[in-house]
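# Inside the fold
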Amino acid sequence: MKRPQPYSRHYQFLCAWIGLLCLTGCANAPSILAPQGPAAARIANLWWLLFWMAMAVLLFVLGFLTLALFRRRPTNISNQSEPRNGTRVVVLAGIVMPALILAVVYIATLWTMRALATPAIAEGLTIHVIGRLWWWEVQYPEQQFATANEIHIPVNQPVRIVLSSPNVIHSFWVPELQGKMDLVPGQINTMWLEANQPGVYWGECAEFCGTQHAKMQFVIVAEPLDVYEAWVAQQQQPATEPADALAQMGRQVFLEANCLYCHTIKGTDATGNLGPDLTHLASRRTLAAGTIENNIGNLGGWIANPQHIKPGNLMPAAELTSVELQALLAYLATLN
Ligand code: CUA
């Protein structure tokens, strides 16, 4: 039989570099260790408990290893107390201690899972989130409006998130606020979120769902109650009538090109539901599910060639003259 070869030095270097790259890549990402809500705080607490327990075990093992390395061998091998001591150490350190440690881990994990399942006080608001390829449809059923890739919530209030998917499995994850929850076709999953501080919290899809999985992000915007209510009141409004001639022409372009088959703009004939609701597009921070910042230049680039920015997405390139594109952008900029 062939003896397994030890890993080569090159392989070890490669692994070390990949590990370092992963760490530096994560440096700017939202961290579960910087919790901004009660659920995330529970997860972080569990993480630190596991970390310190693992550290204690590591130090314990290293301590014994060091002891074994430097301990002098007994000269009298017929010493009868040695085997009995050895058995005691094996039973204690090899069976009793691991069983105790695993029991603590088990109970702490169950405790955390129970706390994550339901918030301390009942949720005051329900938001439906639907996983699309590759963006997030966001519906506020009680307030009767829809948006995309940007979820506003009042601060210090648990919010119920109802998750579904008509296509493949996605996973909804806001590291600073909660753990992950899958969006599974044919099934409704629910979770809750709460933010302690006003702020913008990045979320992402945490389950590989196709070629543009990495470009399936969203933001949670946690706001004081009055700011949140003002945002809701704004989102409930139909689109404003464009005032200037260029924007009016842009609205005509929108309604005469193919845009209206996929997009809704409340207050117009556009009621498509394949793509995001654009009624208040200009009020959002990002385009294409967090891929690019929402500004006129990026929006123009997106409309002219969405496949360049996000290959494989459902939006075809619009065939417009430059004047039509300018007019369309002027119109979309009015959709606050
Ligand atoms: Cu959706 Cu990954």
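Our subject in this report is the structure included herewith. (Residues numbered from 1 in each chain as written. Predicted model: local features only at pLDDT ≥ 70, side-chain atom pairs only at ≥ 80, totals over all residues. Heavy atoms only, no water.)

## Details of a nonpolar patch on the surface
- Taken together, Val 57, Phe 60, Val 61, Phe 64, Leu 67, Val 89 and Met 97 make up a surface patch of nonpolar side chains, about 580 Å² in accessible area.
- At the level of elements, helix 2 (38–70) and helix 3 (81–117) are the ones that each hand at least two residues to the nonpolar patch.
- Within the fold, Phe 64 resides in helix 2. (Patch = residues over 30% accessible without salt bridge, like charges linked within 9 Å, V, L, I, M, F, W, Y side chains within 5 Å. Areas by Shrake-Rupley, 256 points an atom, 1.4 Å probe, with all protein chains shown as cover. Salt bridge = Lys/Arg side-chain N within 4 Å of Asp/Glu carboxyl O. Helix = DSSP H or I, 4+ residues; strand = E, 2+ residues; numbered from the N terminus.)

## So, the state of the cysteines
- Tallying each qualifying case throughout the model produces zero disulfides.
- Cys 259 takes part in no disulfide bond, and the closest cysteine sulfur, belonging to Cys 262, lies 8.7 Å away.
- Given the relative accessible area of 17%, Cys 259 is considered buried. (Disulfide = S-S within 2.5 Å. Buried < 20%, exposed > 50% of the residue type's maximum accessible area, 1.4 Å probe, protein only.)

## Examining unusual backbone geometry
- Omega for the peptide link from Leu 133 to Trp 134 comes to -5°, which places this bond in the cis form.
- By the element assignment, Trp 134 lies in the loop between strand 1 (125–131) and strand 2 (136–140).
- Positive phi, normally seen in glycine, also occurs at Asn 149, with a value near 60°.
- Among the secondary structure elements, Asn 149 is positioned in the loop between strand 3 (145–148) and strand 4 (150–154).
- A positive phi is found at Ala 289, a non-glycine position, where the angle reads about 60°.
- Relative to the assigned elements, Ala 289 resides in the loop between strand 11 (286–287) and strand 12 (292–293).

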